[in-house]
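What follows is the residue order along each chain.
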Amino acid sequence: MECFVIIGAAICSWIFSEKLKKVKVSNDRLFDQFLGSNFVSGKPWQSMIFFGTLWAICLLIIWVITQLIFQETPPLLFIFNVLILAIMFDFSDLRSVETSNDRLKSEASQAYSEHPKPRITRLFSITASRIFGLIFWYCLMPGLSGAILFFISLSAYSALIRAHSLEMLRRSECVVVAHTMLTWLPHRCLGLTYALVGDFEAATRCWRDQGGQSGLGIWRTLLSASGGALNMQFGGASGEGDGKIFTPKYGLQEHLSLDQLAQRSVAFFLRCFLLWVFLVFMVDILV
């Protein structure tokens with residue numbers, strides 16, 4: 001059943017990506033407000049208690065809906081799981097890369113100056129971590145409990161990154177440690193997936209040589225492996241003039257046009273997703 005729920009959620013998230021993007025924005029604002037309040041960030045351990053309580057409340061609500069309202073009716077449970085996962089998946093980043101590819105093709109000249117590389121970097125780091133992390137914990141833990149736990153952890157971690165506050169980061173160190181633990185194994189599995197569906201030798205070499213670099217947090221494993229698998233380079237200098245930001249380089253120097261970058265990235269991401277769905281399907285059959 002997990003396999004079909006994941007496929008259904010992905011289709012819904014793809015079709016309604018623009019509407020679900022508004023839900024994501026509201027969720028981000030909510031976590032920004034919570035992390036900025038003294039109730040959450042007053043002491044290092046308070047944030048963990050708050051998010052643990054939030055997870056327990058979500059599980060209680062799900063239990064009431066599935067047990068008392070739906071009474072474990074399979075079709076209703078299937079639709080409910082699909083809707084919840086679709087909201088958490090958020091394929092808007094993948095759609096944005098595809099849209100940039102279509103716009104590049106439709107331009108008669110190279111006047112369209114928006115480079116798709118920053119979107120692709122986000123796609124193979126933050127977006128991939130969210131989607132494949134949700135799939136991993138959804139399949140590992142019963143019901144939606146694992147997926148919701150990972151989603152709460154990711155939302156809190158993302159809010160800390162957006163805050164750009166060392167003081168808030170220090171107070172919420174437990175959240176950072178918890179999210180790092182939740183992403184460690186999914187990121188290794190996803191890095192191996194990148195190597196299997198792309199250039200295996202280049203992916204493993206970049207993963208080994210560049211995966212330990214600092215500068216891009218917990219996503220450096222994904223960027224080094226995906227960059228090698230795609231023969232594409234992430235990082236380096238970004239911005240213009242004195243506002244340039246320098247980050248470590250991951251992957252290999254590419255020799256592709258802008259439309260090739262976007263087209264290859266979307267196809268590569270979809271192959272990774274299909275491989276995970278196939279593995280979940282095989283596990284469902286065997287178990």
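Below you will find a few notes about this structure. From a predicted model like this one, the values you see are computed outputs, not experimental measurements.

A word on the pattern of salt bridges
- The full count for this structure, using the stated rule, is 5 salt bridges.
- Across the salt bridge formed by Asp-28 and Arg-162, the nearest N and O atoms sit 3.8 Å from each other. With Asp-28 in helix H2 (residues 17-36) and Arg-162 in helix H8 (residues 145-163), this pair connects stretches of sequence that are 134 residues apart.
- Of the charged contacts, one joins Asp-90 and Arg-130 as a salt bridge, the two residues approaching to 3.9 Å between their closest N and O atoms.

A word on the packing of helix H11 (residues 200-210) against helix H12 (residues 220-230)
- Taken N-terminus to C-terminus, the directions of H11 and H12 make an angle of 145 degrees; their axes are 7 Å apart at the nearest point. Classified by chirality, the crossing of H12 by H11 is right-handed. Contacts between H11 and H12 involve Ala-202, Ala-203, Cys-206, Trp-207 and Gln-210 from the first element and Thr-221, Ser-224, Ala-225, Gly-228 and Ala-229 from the second.
- Residue classes in the contact of H11 with H12 are distributed as 6 nonpolar, 4 polar and no charged.

Side note on the side chain of Ser-145
- One can find Ser-145 in helix H8.
- Look at Ser-145 and you get buried, because its relative accessible area is 10%.
- For Ser-145, the contacting residues outside a window of four places in its chain are Trp-55 and Leu-59.

Here's the deal with the packing of helix H4 (residues 46-69) against H8
- Orientation of H4 relative to H8, taken along the N-to-C sense of each, is 145 degrees, at an axis distance of 10 Å. Crossing angle aside, the handedness with which H4 passes H8 is right-handed. Taken together, the residues of H8 that come into contact with H4 (itself represented by Phe-51, Leu-54, Trp-55, Cys-58, Leu-59 and Ile-62) are Ser-145, Ile-148, Leu-149, Ile-152 and Ala-156.

Some details on the nonpolar core
- In this structure, Ile-6, Leu-85, Phe-124, Phe-132, Ile-135, Tyr-194 and Phe-269 are the most contacted members of the largest nonpolar core, which totals 69 residues.
- Sort the elements by how many residues they give to this core and helix H7 (residues 117-140) lands first, with 11 residues.
- When neighbours within four sequence positions are excluded, Ile-135 is seen to be in contact with Ile-6, Phe-89, Phe-273, Trp-276 and Val-280.

Some thoughts on unusual backbone geometry
- Phi is positive for Asp-90, which is not a glycine, with a value near 60 degrees.
- Along the polypeptide, Asp-90 turns up in the loop between helix H5 (74-89) and helix H6 (92-106).
- What makes Asp-90 buried here is its relative accessible area of 3%.
- Even without being glycine, Asn-231 reaches a positive phi, approximately 55 degrees.
- Tracing the backbone through its elements, the reader meets Asn-231 in the loop between H12 and strand S1 (233-238).

Some thoughts on the environment of Ser-158
- Within the secondary structure layout, Ser-158 lies in helix H8.
- Here Ser-158 falls in the buried class, since its relative accessible area comes to 17%.
- Taking the C-alpha atoms as reference points, Ser-158 and Val-176, separated by 18 residues in sequence, lie 9.7 Å from one another.

Parameters and conventions
- Residues numbered from 1 in each chain as written.
- Predicted model: local features only at pLDDT ≥ 70, side-chain atom pairs only at ≥ 80, totals over all residues.
- Heavy atoms only, no water.
- Salt bridge = Lys/Arg side-chain N within 4 Å of Asp/Glu carboxyl O.
- Helix = DSSP H or I, 4+ residues; strand = E, 2+ residues; numbered from the N terminus.
- Axes fitted to C-alpha atoms, helices over the stretch in contact; angles between N-to-C directions.
- Left-handed = near helix turned anticlockwise from the far one by under 90°.
- Contact = heavy atoms within 4.5 Å.
- Nonpolar A, V, L, I, M, F, W, Y, C, P; charged D, E, K, R; others polar.
- Buried < 20%, exposed > 50% of the residue type's maximum accessible area, 1.4 Å probe, protein only.
- Core = buried A, V, L, I, M, F, W, Y, C linked by side-chain atoms within 4.5 Å.

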